[in-house]
Amino acid sequence: MGFPHRSHPRETPLLSKHFGDVDARTLTGWRQRGGYRALEQALAMEPVAITNIVKESGLRGRGGAGFPTGLKWSFMKPGDGKPHYLACNADESEPGTFKDREIMRWTPHALVEGCAIGAHAIGAETAYIYIRGEFTEPLLRMNEAVREAYADGILGKNAMGTGKRIDVHVHKGAGAYICGEETAMMNSLEGRRGNPRIKPPFPAVAGLFGQPTTINNVETLAAVPHILTNGPEWYKGMSLASPKSSGTKLFSVCGNIQRPGNYEVVMGFPFGEFLRDLCGGPLPGRRFKAIIPGGASVPIQTPEEADGTMMDYEGFIAGGSMLGSGGVIVIDDAQCMVKQIARLARFFAHESCAQCTQCREGTAWTTKILERIEAGQGTMEDLDTLLEIADNMTGKTICVLSDSCATPVVSGIKKFREEFEAHITGKRCPMRAVAA
Amino acid sequence: MPDTKMISLTIEGRAVTVPEGTSILEAAKTVGILIPHYCYHPALPVAGVCRMCLVDVEKAPKLAPACATAVADGQVISTRTEKALEARKGVLEMLLINHPLDCPICDQSGECELQDYTYQEGRQDSRYREPKRFNPVEDFGGDVVYVPNRCILCTRCVRFMDDVAHDPVLSVSERGDRAVIGKFDGADLTHEWASNVVDLCPVGALLSKDFLNKARAWELDRSASICPNCTQGCNAIIETRDNQVVRMRPRANPDVNAYFMCDTGRLDYRWINRTDRLEQPMMHVNGALAAVDWEPALAAAAAALRGKRAVVLASPMLSNESLFLLSRLGGRGVFRVAQGPEAPLEGVPDLALRADRAANVRGAEEMGFSRTAALSGVGAGDVVVIADDDLEGLDTAALGGATLIVMGTTLPEGIAGRVAVALPTTNFSEEEGTFTNLRGRVQRFMQARAAPGLARPMWYALTDLLALLGQPSAYFIASEVFDALAAAKPSYAGMAYDTLGLRGSPLPAAQAAGRSA
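Residues numbered from 1 in each chain as written. Chains lettered and ligands numbered in written order. Predicted model: local features only at pLDDT ≥ 70, side-chain atom pairs only at ≥ 80, totals over all residues.

*Asks:* Looking at this structure, I do not really get the overall build of chain A. What am I missing?
*Replies:* Counting its secondary structure elements, chain A contains 19 helices and ten strands. The globule rule puts the C-alpha radius of gyration for 436 residues at 22 Å, and the 22 Å found for chain A is close to it. If you line up chain A on its principal axes, its C-alpha atoms span 70 × 45 × 35 Å. Within the span of chain A, comprising 436 residues, buried residues form 57% of the whole. Sequence-distant contacts in chain A: of pairs separated by 6 or more residues, those separated by 24 or more amount to 71%. (Helix = DSSP H or I, 4+ residues; strand = E, 2+ residues; numbered from the N terminus. Rg over C-alpha atoms; globule rule 2.2 N^0.38 Å. Buried ≥ 20, exposed ≤ 12 C-beta atoms within 10 Å, placed from the backbone. Contact = placed C-beta atoms within 7 Å.)

*Asks:* Can you walk me through the packing of helix H3 (residues 47-57) of chain A against helix H9 (residues 218-230) of chain A in this structure?
*Replies:* Any two packed helices are characterised by the angle at which their axes cross and by the distance between the axes. Residue and element names in this part refer to chain A. Two numbers describe how H3 lies on H9: the axes approach to 10 Å, and their chain directions differ by 95°. Relative to H9, the element H3 is oriented roughly perpendicular. Mapping the contact onto sequence places Ile53, Val54 and Ser57 in H3 and Val224, Ile227 and Leu228 in H9. (Axes fitted to C-alpha atoms, helices over the stretch in contact; angles between N-to-C directions. Parallel < 35°, antiparallel > 145°, perpendicular 65-115°, else oblique.)

*Asks:* When you look at the sheet that holds strand S8 (residues 288-292) of chain A in this model, what are you seeing that I'm missing?
*Replies:* Residues and elements named next belong to chain A. Sheet architecture is open: four strands sit in the order S6-S5-S10-S8, paired in mixed fashion. The sheet is open, and its two borders are formed by strand S6 (261-266) and S8, each paired with just one other strand. Across the sheet, the axes of successive neighbouring strands diverge by a mean angle of 30°, strand direction being ignored. Relative to S6, strand S5 (residues 248-255) is paired through six bridges, and the arrangement is antiparallel. Opposite Phe251, over in S6, you have Tyr263 as the bridge partner. (Pairing = 2+ DSSP bridges.)

*Asks:* How do you make sense of the domain arrangement of chain B when you look at a structure like this?
*Replies:* Think of interface size as the accessible area that goes away when the parts come together; that is how it is often given. In terms of domains, chain B is made up of domain 1 (6-80), domain 2 (100-219) and domain 3 (282-516). When each unit is reduced to the centre of its C-alpha atoms, the spacing between domain 1 of chain B and domain 3 of chain B is 48 Å. (Domains from an automatic or database assignment.)

*Asks:* Which parts of the structure should I look at to understand unusual backbone geometry?
*Replies:* Most peptide bonds take the trans configuration, and most residues that are not glycine carry a negative phi. Residues and elements named next belong to chain A. The omega angle of the peptide bond from Lys199 to Pro200 is -5°, so this bond is cis rather than trans. Among the structural elements, Pro200 can be located in the loop between helix H8 (182-189) and strand S4 (213-217). In this model, Met160 sits at a positive phi of 50°, which is unusual for a non-glycine residue. Position of Met160 relative to the elements: it lies in the loop between helix H7 (136-151) and strand S3 (167-172).

Next comes the structure, spelled out in structure tokens:
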């Protein structure tokens, strides 16, 4: 993990403004850059007023589902006599996604501040930051930032001298993709096996330790201080296409592309220009073959589909995919699609929590068939079987991991069927033939 | 309960009204519809993981798991739409792809829900062409062996040990299709109630070592019975093969044992099959015990008893009926009962392996028998009726010079030379009758096997004996004895054999106590 690239002029650095700025990590440095003023402002406000501002801003969950954040906060009923909890989902494990990692590495105090504001807004005294087990540096930074915030009186039983109690605990996960699913994360926080829970009850009714709980993504919470500082209208105004998507969004770009990295653009930015201008387009002599725009769980796009897509929640759906986590995986014409999809399926098979039958057996079965096709041992019937397995894995399980595994398979077979068929009829991987 | 809101809905075209909060699966049961399921069990927390109970709820975009979805007013539920059938077919196919399909050598075969539902609505073939996953068989300790290849990871066993036994030694280990049921290091399934996981397992993954390879399910004859091994009176099923008891399993009764039975109770059945039985009436003829017919033996017993004081040493394993007629012999009645440590099942109120290790201690007490450790105060002129007490551990010197009449399943060792008459009787599995459990619940047991030789139910022999002694008694079936008992014993007043049913009924006093509690 090195330093980030220099910001591209067409980017709108809000969350990423201080990426690479070593001094921004410390409390002193963060204060010099305007940090904790939003929290000070928030603690003087009624929780419902903060929630309303966030509602008006149009901020939506950046973890993948895109649920309106203010609405989610408003589910937490004040004065119900129960302890409320805020849980920050920092278990960023979606393949191809590394935006939360950079927020925590470079601007840990932004997240502490966001958590403190969020906790106050939902009537919680305790916030948990659940960090992915493999994230060693982000964990280090977050622990240090929380320590500094306590030492300075920002957190604790008298947060910023207001008499309000706000505790933030950093919790390290043990390395399981499924713990990024919010109910599995709550089980993990409680010390149980990270298995997703059946909903209902929803977390806002009975979540962490059975109490009302709100779960927000790192990027979502980090955006909140900016909204309080600059006002909801300003945030809502940052929208190039659909008015239902506002603000900036971090996109993690990886794969066969000139300049991989994190890019922050305003919602609705044209995806084609993003890939070509900001990220530099394909590697020399290559062409894009497939784009997975929102982490491994979303449908695969063809370059043509990607070209006409506006980068926001609605735009990606119109483009046949989803915004997801904003993890853009670029695959070029030197890659074997069957191999890439098999690799994705293998990931999901490895990470299935094993509760639901369709997921436990289906992810592994899918992987075995795909790997067999890739090795030149497939049959045409296998493609039908794959689609029927995918159908059985969709919409029938406790969480969506099963659906996530089926998604790239279905879109892959639909959009790159000739590649699958070439493996079957040629009894070998055609790409391997090129390489040889 | 007037404060419970009732919900009305339609399941498979049938109108159903159930209390609010009831699951679709339980609601369907009330109108006789069994929605296929594996992980759901009424005694365990809902897991919702097997996804077998998916049903079609009108207007809902997705299929709903019937076990984890509460009923709602006006819901229209179909269990057999194409969508629901396809989903369940898909689950069954997935459950079988790594299953070894070794039904011919699997103990569960014939009583396996994987077989049943596959036969009912599964695919005819499998599309699985890959190698199957393999994991070796593991000894889980206690009476349990784990065959991971057959496991469908329904987690019933894990939830039983966690939430019912409160001895969390099992868990799901690993993820994805590598997942297996794991046992914590150093822990074993030695909990007194651990073998219930074998019954709970819907497939052949958890098996009883005791029953392993002993019989095929379809060779067994099953009878509703009561576990005779302690005063709890757990409802049980006795399973026999060729007249031999080969397994005892729990029979559900929410008022006594829920769905469970302890290991001590279920595994202590071999004595029922013992072959060194007293099979013929015997009496002293020319200085030695000789086999005779029932008539002379009964006449000899009557002659011995006439005008004498009787001391009855009864077994608390005897039925209420036998104990009642024994009490009519007059004289003094005592019983001895074996003791053992009490072992509760934490998650179920008032369910334990009890210290008194015999089924009918309460019944014996109700019939006027008193508990004793040793026999005393027997005079030379007395007649001691040894009613199925094996005399083990009893100082036979205490029998003094009394005349001995044995009515029992065996002839106690060491006293053969002194026995005047021995009358062969059946044990509880060879007759029908009732026991009264420690909370005063009167429960019926059915005959499970044929009686050996000329053995008769003890109450039947006593009917004849009492008649010879001038006490009018003409009982031909157990229910007649019970009804006479109910008429004679105030604590059983108003009870009738025919209304006990298969789940029993509390004594009037126990019922009143239960109501005020």
